[in-house]
Amino acid sequence: MRIQLLPSTFDAQGVATLEQRLTCFVIDDCVAVDAGSIAIALNGEQRNTVRDIIVTHPHMDHVASLPIFIDDLYPSLQEPMRIYATEEVIGLLERDVFNWNVYPRFSDLKNDYGPVMEYIPIPVGEPFRVAHLNVVAVPVNHIVPTVGLVVSDGQTSVAFSSDTAETDDFWKIVNEMKGLDALLIEASFPDRMSKLAHVSRHFTPASLGQELKKLTHNGMDIMAVHLKPSYREEIIEQLKALNIPKLKAMEPGRVYEW
Ligand SMILES: [Zn+2]
Ligand SMILES: [Zn+2]
């Protein structure tokens, strides 16, 4: 399975920066998990192949350029953009984003080929199919309804925590899996900001270190994501100090293969 955390910004030479402001992962060039930077950082090929987007929650950093992406492709879409989310999240997207005030309600619109956007409500705790992937969504502990995901292609399995603080259901599903090849988990704030991390339901390296004690698999890569750009170096130093094997910060723009 190939996974890329899309970059959010580019320097004056057009080279991706390591700061992650927006969240969008692309799996095997065809499935996106969240869509923060989807319209600004997909390559030309991926713009033609990504048609399935799983939205974990409606926070702006996870959906910022989703409306722009659909808008850009509007005349050329020969199949609808499929948006997979829980019923609750679909309701929030319709109410707060695709509401004719912030952006058109694309789910009501058609181009010459047919509908341009379709919601696919997803269950929690039950497997469902997205393109060639088997996915299980699990509610996590964030300030809006949010799911973590376990994604398998039959050979490789990867777990995404998405935005979360301390949680148990996610670990239960992850630990029940036969094998795990990689864990992508958030570490948003440095330890000195634990109060803000707590009220906004995010991890610091210290609270992540505690949380990872719930994980019973070992040996897999653990990629920290969602590092707030202003504190990136500080968070990375604190992650290193945890001395957890194979824990490192995921680099936006780089393609990882598991
Ligand atoms: Zn969030
Ligand atoms: Zn976020």
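Everything below is about the structure shown above.
Bear in mind that the values here come from a model prediction, so they are computed numbers and not experimental data.

I tried to follow the coordination of the zinc ion (ligand 2) on my own but got confused; where do I start?
Under perfect tetrahedral coordination by four donors, a metal shows angles of 109.5 degrees; under perfect octahedral coordination by six donors, it shows angles of 90 or 180 degrees. Looking at the zinc ion (ligand 2), the protein donor atoms are Asp 61 (OD), His 62 (NE2), Asp 163 (OD) and His 226 (NE2), and they sit 2.0 to 2.1 Å from it. With four donor atoms in place around the zinc ion (ligand 2) and angles of 91 to 169° between them, the coordination shape is irregular. Counting gaps between the donor residues of the zinc ion (ligand 2) yields the pattern D-H-x100-D-x62-H. Distance-wise, the zinc ion (ligand 1) is placed 3.4 Å from the zinc ion (ligand 2), both being coordinated by Asp 163. Here Asp 61, found in helix α3 (residues 60-63), pairs with His 226, found in the loop between β14 (221-225) and α9 (232-241); they are 165 residues apart in sequence, far enough to count as distant. Each member of the pair, Asp 61 as well as His 226, is classed as buried.

What should I look at first to understand the packing of aromatic side chains in this one?
Evaluation of the coordinates by the stated rule reveals seven aromatic pairs. Ring centres of Tyr 103 and Phe 106 lie 5.9 Å apart, and the angle between their planes is 50°; on these two criteria the pair is classed as tilted. Tyr 103 gets classed as buried once you look at its relative accessible area, which sits at 19%. Chaining the aromatic ring pairs together yields one cluster made of Tyr 74, Phe 98, Tyr 103 and Phe 106.

Where do I start with the side chain of Thr 56 in this structure?
Along the chain, Thr 56 falls in the loop between β4 (52-54) and α3. You can call Thr 56 buried: its relative accessible area is 2%. A distance of 3.0 Å separates the side chain of Thr 56 from the side chain of Ser 162, its partner in a polar contact. Once residues lying within four places of it in the same chain are set aside, the contact partners of Thr 56 are Val 33, Asp 34, His 62, Val 89, Pro 145, Thr 146, Val 147, Leu 149 and Ser 162.

Quick question: what am I supposed to make of the pattern of salt bridges here?
Charged atoms that come close allow side chains of opposite charge to pair. Scanning the entire structure with this criterion turns up 13 salt bridges. Of the charged contacts in the structure, one is a salt bridge between Glu 94 and Arg 105, with a shortest N-O distance of 2.9 Å. Of the two residues, Glu 94 is situated in helix α5 (residues 87-96) and Arg 105 in the loop between α5 and β6 (110-111); the sequence distance between them amounts to eleven residues. A relative accessible area of 16% means that Glu 94 is categorised as buried.

About the cut-offs
Residues numbered from 1 in each chain as written. Chains lettered and ligands numbered in written order. Predicted model: local features only at pLDDT ≥ 70, side-chain atom pairs only at ≥ 80, totals over all residues. Heavy atoms only, no water. Donors = N, O, S within 2.8 Å, 3.2 Å for Na, K, Ca; no water. Tetrahedral: all angles 85-135°; square planar, octahedral: opposite > 155°, others 65-115°. Helix = DSSP H or I, 4+ residues; strand = E, 2+ residues; numbered from the N terminus. Buried < 20%, exposed > 50% of the residue type's maximum accessible area, 1.4 Å probe, protein only. Phe/Tyr/Trp six-rings, centres within 6.5 Å; stacked < 30°, edge-to-face > 60°. Polar contact = N/O pair within 3.5 Å; in protein donor to acceptor, adjacent residues only side chain to side chain. Contact = heavy atoms within 4.5 Å. Salt bridge = Lys/Arg side-chain N within 4 Å of Asp/Glu carboxyl O.

Limitation: the analysis is restricted to geometry and does not speak to function.
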